[in-house]
Every structure is written in structure tokens, then in C-alpha cells.
There are 2 protein chains.
Amino acid sequence: METRNLTLLLDFYELTMANGFLQENPEKIGYFDLYFRKVPDQGGVVIYTGLAQVIKYLSNLNFSDSDIEYLRDLETFDDEFLSYLKNFEFKCDVWSMKEGTPAFPNEPLLTVRGPILQVQLLETMLLNIVNHESLIATKARRVCMVAHGRPVMEFGSRRAQGADAATYGARAAVIGGCSGTANVLSAKQFGLKPLGTMAHSWVQSFESEEAAFAAWMRVYPHNCLLLVDTYDVLKSGVPHAIEIFKQLKSQGITGPFGIRIDSGDITYLTKQARKMLDQAGFSEAKITISNALDEDVIQNVLEEGAQVDSFGVGEKLITAASDPVLSGVYKLVAIQEADQLIPKIKLSNTVEKTTIPGFKHPYRMYDEHGKARGDLLLLASEKIRQNSTIYNSDPNKTIQTRRLKKWQLKPLHQQIYAEGKLIYQQPATLAVKHYSKEKINELPEACLRLKNPDTYDVFWSKQVRQLRTKMINEFTK
Amino acid sequence: METRNLTLLLDFYELTMANGFLQENPEKIGYFDLYFRKVPDQGGVVIYTGLAQVIKYLSNLNFSDSDIEYLRDLETFDDEFLSYLKNFEFKCDVWSMKEGTPAFPNEPLLTVRGPILQVQLLETMLLNIVNHESLIATKARRVCMVAHGRPVMEFGSRRAQGADAATYGARAAVIGGCSGTANVLSAKQFGLKPLGTMAHSWVQSFESEEAAFAAWMRVYPHNCLLLVDTYDVLKSGVPHAIEIFKQLKSQGITGPFGIRIDSGDITYLTKQARKMLDQAGFSEAKITISNALDEDVIQNVLEEGAQVDSFGVGEKLITAASDPVLSGVYKLVAIQEADQLIPKIKLSNTVEKTTIPGFKHPYRMYDEHGKARGDLLLLASEKIRQNSTIYNSDPNKTIQTRRLKKWQLKPLHQQIYAEGKLIYQQPATLAVKHYSKEKINELPEACLRLKNPDTYDVFWSKQVRQLRTKMINEFTK
């Protein structure tokens, strides 16, 4: 058993700044938005994931004595600050979208308010968790979409970027649509379905493939899934598997039977294997494939007519290999001094990188058919009236303004912590998966497309837009 | 404080197989090689990293009561197996290259021997650790190489794929050449240098950039590194920084002074900033850049004449974004029954994917100048004679055989565990970094090149070659 404390998993500058804030203005309140600017793989939607681990992290914040001693030895921090850390009490408010929510660029997934030195210290872990888990759930949605209902199993732990990437990655993959995972720790921890059968080593370790299959049949007669590509799929693996299935059938055992192919030309091999199984009377035997799969390969082999019942997806999913970073950021949007809320902006050479100032909450707008028509950012302080003018945040859109009409606004933010106290009940992983699917079904199909998706509109209220324009003008005049 | 136990971080099939092995042949001994087939980014060399964490993992193996209960509830395993797990005693031998060793395709980085059901259970975590850490160290070597001695700082925790990816990734980055990391947990745990200064939020949180810089100067007069791109680098950030440096100088403070630029056209901005700093009398002030850097960008901006003293590298390094998977595998190469060693092979449609059977150790061959001339795989049982013929393992090489000559053979494997007992003293991280650099300097320069490196030769002894050819022929006759 290993103990670990992630409180010190922060960037050094968060400590130097916090130390500075304590000296310069310990009462200052800061508001930070966590959001991303770009959907990976040029996709249209990100599946926001990670809130469960965020809650676990925030609820365990605690600088140990050895942490304090370590920081003291760096000779950078004064005693008052070290004593503040030693007695650290989490005092922040946190608002977040529900886990599994499909989310879009430049809307706050999560907003944190609190003593600025505290809010600052959370930056690295909040980003690390949300960037990682949302990345994998987003990738999993893509992979599962092209499988058209066939189960996709997460098999990537051995190629994941560390143990957390394997464990939390598997959870995120299931939220994004996978049917289960090979990772037993993740399955246990999050109530997922553990999946898998045998490796090449099982087959190799016997004197022959026949002997290896026969031994497997003795141990697992009622769940006989055989890996058929250790030596030669069509000449050896499939014929030997059929022999085994016949023996089981003759004992009155009805399966499930199945084979897995982990190498070679998937389309050709599965077509031939399907024929061989069918001709031998095992049309119910399932074919699983698992060789460097991602959404492109799955789409291609299915278009070519590959005969596949389920997919095992490894490294390409668990690392989101085609675009392995969700570049979420955590930016100061307001401070509060003596009860006055002062919006803050960070400018940039590019319009997209300029932040959206102010304390805001995002809403989803639904038409009378229950379809989502876009999201809307409002200042936390404002009430919006039916039929208001709203402004498209995307400067490239031809139609820049709309009427809100009779669309119904549903808040996307829930309050998770109130002054450091957890006030939200996080659902179980499978409930998150279910919720995510429900929310995806509410979206316009065009934004779910894998290539060239249509942009889902994120709107600003008049107040949000005016505030931002005013602040940009002030700084650039 | 969180406790965790990674023993259950394995693929479900390792348990189903282990359960089968226990029923079918509990005495069977297996030998597994862990190796990779391809260097990421089409590079020539992988920096083998992860042994420290492998030792931590192996030394903590232990199925908890709740693990056993969980597995029992799956109704897949028999009581004898569950009781075996409950009383699990690690009994394996482990050989490994030293951490930091530059390694090449198809040579065993790590070899495990032991009861086959035990060896099988280690597959996922051994691969996960070695694949991840070696990937990042390998990437870091590339990035640091093009920085030509300028410090490269690891800044990627917020975009890493989970907390382990951030923490162990930072360690691997330092082994690969980075000067330190922003990740304080990693710095504390592994004795690395924690690095960083301020974020945009510090600057934004004050009423002006001048006020923010002045406050920073009050807190850190002797280490005044200022982030100058919150509003406008050349019109605002650099002039304000120079004002601060002048004030410090007038107080007799000599620095270090420095600026960091995190956006915009690095080449142009650093050239201009350098001129402004020099003209103001601060030629000793350092310029750090940190915006989506990798080996390509660093090489480009330096060729363009960018004026940079150090680099902060984030997401592209910590995820190895350009090629985010090292596809290491863990393959059965032999079994032992009643004291008889039986080599095992896995065939494949492609020559490269066919395994190398037998219990083997790798050696590095040195010429009289101490330069490495290639690696050599020998069966563990064989003694090789000076001037033997050795065989290039790369079928594409024109010259297929060589004489060993007077080259000196140094073993690359150390024994780490003997019958489950740790017998190796793992050096500290900075010693690993130093060792790695030493070993890289022994290699031919042509294999270190980032683009189109020359292949470093891995040879086989006559016995290794004959065994493999014989086994392939047996299976394909």
C-alpha cells in the first residue's frame, strides 16, 4: 500500500505567487475560469470529464509536515506563508458543469472563487485532471460513434502515460462510450465492467495451440473466447477454435463462443473467419479485433465489410494519440476588493486568446422540441429577459446577433463547493456515462460529426459583450 | 492523504490466465522479455527509464482483502486462486538495464523469470511504467539537444495525462536532459530543481502592470523574473520590467534579472527585447520563452536568431505530443519445466513482429577508443569467444555478419531481483541523469541525430540466430 498526497502537485510559481499575495494583499478575492479554446482532432464537441477526481483532490488538500519542511529548505518563502500552508483551510466556492456534459470552446467548465492565493494554488491539478479526462472521454466518443453500436472495449493500460492515465483514462473512456475496460483497478474503483480473455503467452506456453485451447476450455467452458493469431489465423487459429467449440457443443454447452484477432489484415481475416465459423455452424460465435485501432481504422474496416462484433481499443484511445492534448487554461476573470467586483482581462495578439472578463455562468438554450440551439454566457449578476438580443461569440459567423425568443435557458453550472464545503452529490460513473449520452442526443447532429463538424454556437449576453469590448478598448487605446 | 495500491492495475486477462495456469500447471516457469520495436519520432535511440518505479511497484505487490472480495464477486476465479493471491509472495528474478541507458529496438530492456502465473500478472504495470517514462525521457533528449546547452525547464504538469504523468514525467524529463521542473511534488520526491516565477494572473490581479511588477520586486528583490506579455510585450511589458531592474540596481541589487515571454512571435519579440534590455544596461538579464515549444520550434527560432537564454517546455514534452506512445511489449520467450528450458516464439505476418526466442542478455560492444560499436544479444547460457561471427538483426543491412574482433563486451543487464528479493541499489534521479549522458556520449553521433538517424546495430550471436531460424522453420514448414 502506498500513500500519496497530491497537494504539492502544483507549479512552483503558484507558491511564489501565493507567498506574494499573502504579503501584498491577503484579503483579495479572485475568480478563475477553467475553459478550453479548441476541440481536439478538429472535432465539434468536448465531453467534460474529471469532476469526480476534482472533488477527491479538493477534499484531500493538506500540506504535510514534510511538505512544509521541504518548502522551508528552498529558502524562498517566509514563515507566515509556511504557517498559512500548514494550517491550510480550503475556503473557495466552486461551480462546475456536471460531469459528462458536452462542452464548447471558451465557456467556463468550472469557475472558482476564493482568496486569490488559494484559488491560484489549485491551477495545476484542476487543469491536469480536467484536461486529461475530458481529452480521453472526447476521444472515446469519436471511436464509439463509428463502431455503430458494437461494443468498444478499453484495452490501453499498458501504453497509457502512467498509472493514473490508465485508471482515470479507463473511467473517462467508459463515460465517452466504451462498454468496459481491461483495467481491473479502474473497474473495481469505478464500478466498470472488467473485460478480456487470454494473451499470446497463454497459447505459446503450451506445446501446441490445440493444447492451449483445450486447457482454456477446461478452465472456462462457459466463456470460451480464443485468441487465434499466435501462429496463423486461418490455417491454425480458427480451425483449432472451431474444434474446441464443437467439443463444447457436444457437451451441451452453448457459449458464448468467440475469437479475437490481434494482427494482420483485419478486413480479410474477419471475412474469412466469419465464413469458416458460419460453415461450421457457429454463426453465433463473436469476432473481436484489437490491433492499433482508432476511429479512422474502425471506420475503414467496417466500410470494407470487415465482420466484427466488438473492438478492443488500446494505445490510440488511452493516449488520444492523434491529438494528445486538451489545452484547457485557468484564467483570472475578476477580483473582489472590499465588496467591489472588478472584472479582469488578459489581452493577446489573437482575438481568440483574449479572455472573457467577469464572473459568468453558462446556460444551454433549448427550443420547443427540446433540442439545444446554442449556449449562452451571462454575468452571474444579470437576469436576462425573454426576447433579448444575444451575440455570437464567434467573430467568423455571418449572423452575429440573434433573438433569444422563447428558448428555454437551463443552467450548465452547479455549485459544487460553498466556502470550502462540498454541497454537491457526485453521481456514479455509469450514471455520468448515461447522462452524457442523453445530453449528446440533445445536440444538433451536425456538431457531432467527426470531420468538418458544424460549429455549435456559444453566445454572449449584451452585458458580457459590452464589458469585454470596453476592456479591450481601454487597454489598446 | 490518499492511499493507493497498484497491485490490481493489471489487465483482466492476466487474472483469467493466471487462474488457468494455477489449474493447469502451477509449477511452470516463464521467461518474459520487455522490449520495444520502434523508436518514437523516427529517432535512433530510446532512453530507457522507469526502473525506480518498477522497483517501487514490485516491492509493494499485495492483494488487499477488498481486492480479493471484488475478484470473488466476479464469479470467474476459483477459491484456490483467490487464496493464492491473498497470500501472494513475489518469487521472480528480474534483470534490467540500468535506468538512463540508451536502448535500441528488439533488445530486452528487462527480463522477468518466475512462476508463469506471477510473471504474467506484472505485464500491464511493467509496460505502463517503462513505456511512459522512457517515452518522455526520449522526447526530452531531443528537445534538450537542439537547445545547445541552454537550460530547458519542464513546465507541462497542467497538460499531462494525469497526476502520475505529471510527476513521473517530470522525473523522466530531467533524466532526458531538462534542468528542472515546475512540478513541486516531483521536485520534492526526486530531488529535482523546482522552477518558475509568476503567471498572468499575478499581473492581472493588480490595477496595472507597473503595480504588479513593483509588488513582485518587493517580495522577490533578489530573483526578479518578470512575465512581460500580459498586455503588450514591447510597448508595456519590457519597458516596465526595465524600470523595475533600474530601481533594484539603484538599491545595489545585482539580480538575477530576467523576463519571460509566453506568446507571440518569439524570434521578433526576443530580438527586440534583447536590444531594449542591452540598451538599458541590462545585458545580463535573461530571456526565457515558453509557448508551445518542442524540438522543431526551438530549432527554428534559434536558426532565425531568437535571443533566448532558457526554454520552458510544456505540453509537447510532457505528452510527447508528436508521437505519444512507446509501444513496448512483454513477450514470453521461454518456459522451464522440470529443469528443461524450452524457448518459445510468437510468429507474425511481418518479420519484425516475430519474437526472439530464448533466455537472453544484451551486451554493448566497445572498441579500443571506448566507443560503442553495437549491441549484441547472447543466450544466457552461452559464453562467446573473441573473434566469433555475429549477425546483424536488421534484415535490411547489406553487411549481415561481422567479426567480434577485440571489442570489449559489457553487460547491459543487471540482476535486480533474485527469487523475489531486491538485490540492486537504485541510484538517485540526478545520478541516473548523469549516467545517461555518459552513456549517450559513448554512442556514434550519427544515431543521435533527430532526423534520419543512422541505425545503431543490434547483433545476435550465432546461437540466437540459429535458434530463431530453426523455430520459424518449424512453425512454417
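Counting from 1, residues in each chain are numbered in the order their sequence is written. All chains are assigned letters beginning with A, and all ligands numbers beginning with 1, in the order in which they are written. The predicted nature of this model means local features are confined to residues of pLDDT at least 70 and side-chain atom pairs, given and counted, to a pLDDT of 80 or more, with totals for whole chains, interfaces and linings taken over all residues. Hydrogens and waters are ignored; side-chain quantities use all the structure's heavy atoms.

For the rest of this paragraph, the subject is the sheet that holds strand β17 (residues 389-392) of chain A. Residue and element names in this part refer to chain A. The criterion for strand pairing is that DSSP finds at least two bridges linking the strands in question. Under the scheme used here, helices are H or I runs from DSSP no shorter than 4 residues and strands are E runs no shorter than 2 residues, and both carry numbers assigned from the N terminus. What the 6 strands build is an open sheet, ordered β18-β17-β22-β16-β15-β19; its pairing is mixed. Looking along the sheet, the strands with just one partner apiece sit at the ends: β18 (401-403) and β19 (408-411). Looking at each pair of strands side by side, their axes are set apart by 40° on average, direction ignored. Contacts are assigned to residue pairs with any non-hydrogen atoms lying within 4.5 Å of each other. To obtain each axis, a line is fitted to C-alpha atoms, and for helices this fit is confined to the stretch in contact; angles are then taken between N-to-C directions over 0 to 180 degrees. Lying over the sheet, helix α16 (residues 462-476) contacts β16 (372-379), β17 and β22 (458-460), oriented at roughly 55° with respect to β16.

Facing 107 residues of chain A, the contacting portion of chain B comprises 106 residues. What gets called buried area is simply the loss in accessible area from a 1.4 Å probe that two parts show on being joined, summed for both. For the pair chain A and chain B, the summed buried area comes to about 9,000 Å², and 54% of that belongs to carbon and sulfur atoms. By salt bridge we mean one thing: a side-chain nitrogen of Lys or Arg within 4 Å of a carboxyl oxygen of Asp or Glu. At the junction of chain A and chain B, the tally comes to 12 salt bridges. Note that D11 of chain B and R158 of chain A form a salt bridge whose closest N and O atoms lie 3.0 Å from each other. Polar contact criterion, stated in full: a pair of N or O atoms within 3.5 Å, where within protein one must be able to donate a hydrogen and the other to accept it, and residues adjacent in sequence count only if both atoms are side-chain atoms. At the boundary of chain A with chain B, the tally comes to 61 residue pairs in polar contact (both at pLDDT 80 or more). Among the elements that take part in the side of chain A that touches chain B, helix α1 (residues 12-24) of chain A stands out by supplying 11 residues, more than any other. Of the residues contributing to the side of chain A that touches chain B, the split by class is 51 nonpolar, 34 polar and 22 charged. Side-chain classes follow a simple rule in which Ala, Val, Leu, Ile, Met, Phe, Trp, Tyr, Cys and Pro form the nonpolar group, Asp, Glu, Lys and Arg form the charged group, and the remainder, Gly included, forms the polar group.

What follows deals with the sheet that holds strand β9 (residues 224-227) of chain A. Within a sheet, neighbouring strands are paired by backbone hydrogen bonds and run either parallel or antiparallel to one another. Residues and elements named next belong to chain A. The 6 strands lie next to each other as β8-β7-β12-β11-β10-β9, forming an open sheet whose pairing is parallel. Taken across any chain shown, the strands that pair with only one partner, and hence form the sheet edges, are β8 (180-181) and β9. Of the strand pairs in this sheet, strand β11 (residues 286-289) and strand β12 (residues 310-313) are connected by 2 bridges, and their pairing is parallel. When the sheet's bridge partners are listed, I289 is paired in β12 with F311.

Residues and elements named next belong to chain B. By the definition in use, this model includes 57 salt bridges over all chains. Put simply, R142 and D41 hold a salt bridge, and the shortest N to O gap is 3.8 Å. With R142 in helix α6 (residues 123-146) and D41 in the loop between β2 (29-35) and β3 (46-47), the pair connects residues that are 101 residues apart, well separated along the chain. The partner of R364 in a salt bridge is E107, with the nearest N and O atoms 4.0 Å apart.

Categorising residues by exposure relies on relative accessible area from a 1.4 Å probe, with only protein chains included: less than 20% of the type maximum marks a residue as buried, more than 50% marks it as exposed, and the intermediate range marks it as partly exposed. Every buried residue of helix α3 (residues 65-73) of chain A is listed here: D67, I68, Y70 and L71 of chain A. Buried residues of α3 of chain A, seen end-on, are gathered within an arc of 160° and therefore sit on one face of the element. Of the exposed residues in α3 of chain A, those oriented more than 90 degrees away from the buried face are D65 and D73 of chain A. Buried-residue contacts for α3 of chain A involve α1 and α4 (79-86) of chain A together with α8 (184-190) of chain B. Looking one or two places after α3 of chain A, you find E75 of chain A, whose phi comes out positive at around 55°. Arc definition: it is the arc formed by the directions from the helix axis to the C-beta atoms.

Our focus in this paragraph is the UniProt feature "domain: Nicotinate/nicotinamide phosphoribosyltransferase" (unreviewed entry) in chain A. UniProt positions are given in the numbering used here, feature names are shortened, and annotations may be inferred rather than shown by experiment. When the UniProt feature table is mapped to this numbering, "domain: Nicotinate/nicotinamide phosphoribosyltransferase" (unreviewed entry) covers residues 152-341 of chain A. When the span residues 152-341 of chain A is considered, its composition is 43% helix and 17% strand, and the gap between its end C-alpha atoms is 48 Å.

This part covers the domain arrangement of chain A. The split into domains, and so the bounds of each, comes from an automatic or database assignment of domains. In terms of domains, chain A is made up of domain 1 (6-136 + 324-476) and domain 2 (197-308). The distance between the C-alpha centroids of domain 1 of chain A and domain 2 of chain A comes to 47 Å.

With respect to the helices and strands, E315 of chain B occurs in helix α14 (residues 315-318). In this structure E315 of chain B comes out as buried when scored by relative accessible area, which is 15%. Within the local environment of E315 of chain B, its side chain forms a polar contact with the side chain of R159 of chain B, the two groups lying 2.3 Å apart. Excluding anything up to four places from it in sequence, E315 of chain B contacts V325 and S327 of chain A together with G156, R159, A320 and A321 of chain B.

Working definition: an aromatic ring pair is given by the centre-to-centre distance plus the angle between the planes. Each pair of aromatic rings taken from Phe, Tyr and Trp, with Trp reduced to its six-membered ring, is defined by centres within 6.5 Å and is described as stacked if the planes are under 30 degrees apart, edge-to-face if over 60, and tilted in the remaining cases. Evaluated as defined, the whole model comprises 34 aromatic pairs over all chains. Measuring from ring centre to ring centre gives 3.9 Å for F104 of chain A and Y456 of chain A, while their planes differ by 15°; the resulting arrangement is stacked. Here the residue F104 of chain A occupies a position in the loop between β5 (102-103) and β6 (110-115), and Y456 of chain A occupies one in the loop between α15 (429-441) and β22, the gap between them amounting to 352 residues. In this structure Y456 of chain A comes out as buried when scored by relative accessible area, which is 6%. Relative to Y330 of chain B, the ring of F32 of chain B has its centre 4.8 Å away and its plane inclined at 25°; by these criteria the two rings are stacked. With a gap of 298 residues between them, F32 of chain B in strand β2 and Y330 of chain B in strand β13 (residues 329-337) connect regions that are remote in the sequence. Side by side, F32 of chain B and Y330 of chain B carry an identical accessibility label, which is buried. Taken together, the ring pairs connect F21 of chain A together with W202, F206, W216 and Y220 of chain B into an aromatic cluster.

All names here are of chain B. For strand β16 (residues 372-379), the tally of buried residues reaches 7 of 8 residues, placing the bulk of the element in the interior. As defined by bridge partners, strand β15 (residues 360-366) adjoins β16 across 7 bridges and the pair is classed as antiparallel. Looking at the pairing, M365 lines up with G374 of β16. Between β15 and the antiparallel strand that follows it, β16, lie 5 residues; G370 among them carries a positive phi value of about 80°. Looking at chain direction, β16 and strand β22 (residues 458-461) are connected through 3 bridges and run parallel.

Once that is clear, we can look at the relation of the copies chain A and chain B. The two copies are related by a screw motion: chain A maps onto chain B through a turn of 180° and a shift of 0.0 Å along the axis, at an RMSD of 0.0 Å. Both chain copies can therefore be described as sitting about a two-fold axis. Among all residues of chain A, the one whose C-alpha sits closest to the rotation axis is T3 of chain A, at a distance of 2.0 Å. The fraction of interface residues of chain A whose copies in chain B are also interface residues reaches 99%, indicating that both copies meet through the same surface. Superposition of the copies used a least-squares fit over C-alpha atoms from residues whose pLDDT is at least 70 in both.

Residues and elements named next belong to chain B. Position of R364 relative to the elements: it lies in strand β15. Residue classification places R364 among the buried positions, given a relative accessible area of 1%. From its side chain, R364 meets the backbone oxygen of P102 in a polar contact 2.7 Å long. In terms of polar contacts, R364 uses its side chain to reach the side chain of Y456, at 3.4 Å.

Moving on to unusual backbone geometry. Geometrically, the link from G255 of chain A to P256 of chain A is a cis peptide bond, its omega value of 5° lying close to zero. You can see P256 of chain A is positioned in the loop between α11 (233-250) and β10 (257-261). One non-glycine residue, D41 of chain B, adopts positive backbone phi at about 60°. Non-glycine residue E75 of chain B carries a positive phi angle of around 55°. In this structure, E75 of chain B sits in the loop between α3 (65-73) and α4 (79-86).

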